[in-house]
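Structural description and commentary
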Amino acid sequence: MLNKLKNIFNDKKIVVRFAPSPTGLLHLGNYRTAVFAYLYARKNGGKFILRIEDTDRERSKKEYEENIIESLKWLNIDYDNFYRQSENLTSHTKHLKKLIEEGKAFISKEEAKDGSGIMRELVRFKNPNKDVIFNDIIRGEIKTNTTDLGDFVIAKSITEPLFHLAVVVDDYEEGVTHILRGEDHIPNTPRQILIQEALGFPHPTYAHLPLVLSEDRTKLSKRKGALPVTAYRDIGYLPEALINFMAFIGWNPGGEKEIFSKEELVKIFDLSDIQKGGAIFNEEKLKWMNKEHLKKESKDKQFSNIKKFLSEYDDGIIKRAQDTIIERISYYGEIDLIKENEFEFLIKRPKITGDKLVWKTSNKEKTIANLIGVLDVLSKTSLESIDSIKNNLMPYAEKNGKGDVLWPLRFALSGQDKSMDPFTICYILQSVEAKERIENAIKLLNQTTM
Ligand code: GLU
């Protein structure tokens, strides 16, 4: 009895698959399908399957398959079953034979299209030439008269099934109940439905997702900025941000909130909120979302992520600079782009010139006096926080002129026309280093004739 109940329950279980072809590196637009399928499966307590569609032996490459597995793992998109389409060949052949025996498909001897004159045998599906109607969750009723499709090819030979046959057999055998895929597959669906009918298989439910477009509304491509998932990983994007971003390409739960964890997305995901029109890949939005997720990371995680891009930096410096670094980046790899200009002075004494130390309305003598004054204040200040440094230095700067005090101080410490504020730099460098840089500046000024 219990087993029977279990079976009834299992029969009802939703099974969704992601079925990529390993013929190239997939970009974010492709993985968006995986995210939707995954969220839908998990939301409904169903199963999520990964099926590598490698029937095209010439174009399929192991390295692309490995990249898909690695990407899903990094994204934390877990699957309950893994299949490789090429490993189901026996069953594909069995079903092809059945179709032929029942007169629903036939072997056709044809001349190869390459002009070589070679005759080859193809397996064609005997098209019943009828209207096929299916109800797409996103697009509603779709009706196609299949006559124009002719007797389409379903295998290159009895042991070389093509896409449509393999998909139909695999979906059936793997118990797939819901097919979520890009809307570029809509024209394939009537063919696959005809094959399902010929084999006596039930029809899965379809949801064809709006295509992901680049900002100029053309098809998204790698050239248009959509990188493979592993490339985003390597430049320090966060997996939870990418999932959040991909979920929002063509879907929106409504309301103001846009930052969600994977678990939250699973709870609120609903296919009925998917838009029909093309969905735009907006890189600025990706950066913004990543920054929001990055700010939510624990201090320890932030530290280890920053360290990957500032490996030559002392841990103490990174820890003290951490909040300032986080403010300045939207993904960790951005550190590489800005570190030379914005952070390098933290570990390398800057080259400074005397004339630049003097604020535009000030003079050499005043600047020297102010820097000596700053040294005095700092010697009595705890450098344990930016606030404590600021609270102690600010009254002195206000009394002696903010520009006259803070400009030479900041320049003495950073050697940069623009940089983080001098309180933050003092905090990051701490007293010995900060003091020496200020003393050097005073020495330099004394030697400069102006
Ligand atoms: N293998 C197909 C692709 O990568 C997807 C097939 C399907 O989802 O039905 O485009």
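Located above this text is the structure these notes cover.
Nothing here was measured: the structure is a model prediction, and the numbers come from that model. (Residues numbered from 1 in each chain as written. Predicted model: local features only at pLDDT ≥ 70, side-chain atom pairs only at ≥ 80, totals over all residues. Heavy atoms only, no water.)

Strand order across the open sheet formed by four strands is β4-β5-β8-β9, with antiparallel pairing between neighbours. Each edge of the open sheet carries a strand with a single partner, namely β4 (105-111) and β9 (160-161). (Pairing = 2+ DSSP bridges. Helix = DSSP H or I, 4+ residues; strand = E, 2+ residues; numbered from the N terminus.)

Let us look at the site of the ligand. Around the ligand, the surrounding shell consists of Arg17, Ala19, Pro20, Ser21, Glu53, Phe163, Arg181 and His185. Measuring from an oxygen atom of the ligand, one finds a side-chain N or O atom of Arg17 at 2.8 Å. A distance of 2.9 Å separates a nitrogen atom of the ligand from a polar side-chain atom of Ser21. Computed on the free molecule, the ligand has an accessible area of 300 Å², of which 80% lies beneath the protein chains in the complex. If you map the ligand onto the pockets, it falls in the largest pocket. (Near = heavy atom within 4 Å. Polar contact = N/O pair within 3.5 Å; in protein donor to acceptor, adjacent residues only side chain to side chain. Areas by Shrake-Rupley, 256 points an atom, 1.4 Å probe, with all protein chains shown as cover. 1 Å grid on protein atoms, 1.4 Å probe; cavity = no way out; pocket = protein on both sides within 12 Å on 5 of 7 lines; lining within 4 Å. Sits in = over half its atoms within 2 Å of the grid points.)

A separate point is the environment of Ser379. Mapping Ser379 onto the fold places it in helix α15 (residues 364-379). Owing to a relative accessible area of 58%, Ser379 belongs among the exposed residues under this scheme. As for Ser379 and Leu337, which are separated by 42 residues in sequence, their C-alpha atoms are 35 Å apart. A polar side-chain atom of Ser379 sits 2.6 Å from the main-chain carbonyl oxygen of Asp376. (Buried < 20%, exposed > 50% of the residue type's maximum accessible area, 1.4 Å probe, protein only.)

Attention shifts here to the packing of aromatic side chains. Describing an aromatic ring pair means giving the distance of the ring centres and the angle of the ring planes. For the coordinates displayed, the defined rule picks out 15 aromatic pairs. A ring pair is formed by Tyr38 and Phe48, whose centres lie 5.5 Å apart and whose planes are at 90 degrees; its orientation type is edge-to-face. Here Phe48 lies in strand β2 (residues 47-52) and Tyr38 lies in helix α2 (residues 28-43), a separation of 10 residues in the sequence. Here Tyr38 and Phe48 have matching classes, each one buried. Residues Tyr237 and Tyr331 carry aromatic rings whose centres are separated by 4.7 Å and whose planes lie at 10 degrees to one another, so their mutual orientation is stacked. Taken together, the residues span a long stretch of sequence, with Tyr237 in the loop between α7 (229-234) and α8 (239-247) and Tyr331 in the loop between α12 (315-328) and α13 (334-347) at a distance of 94 residues. The pair formed by Tyr237 and Tyr331 is uniform in burial state, with each residue classed as buried. (Phe/Tyr/Trp six-rings, centres within 6.5 Å; stacked < 30°, edge-to-face > 60°.)

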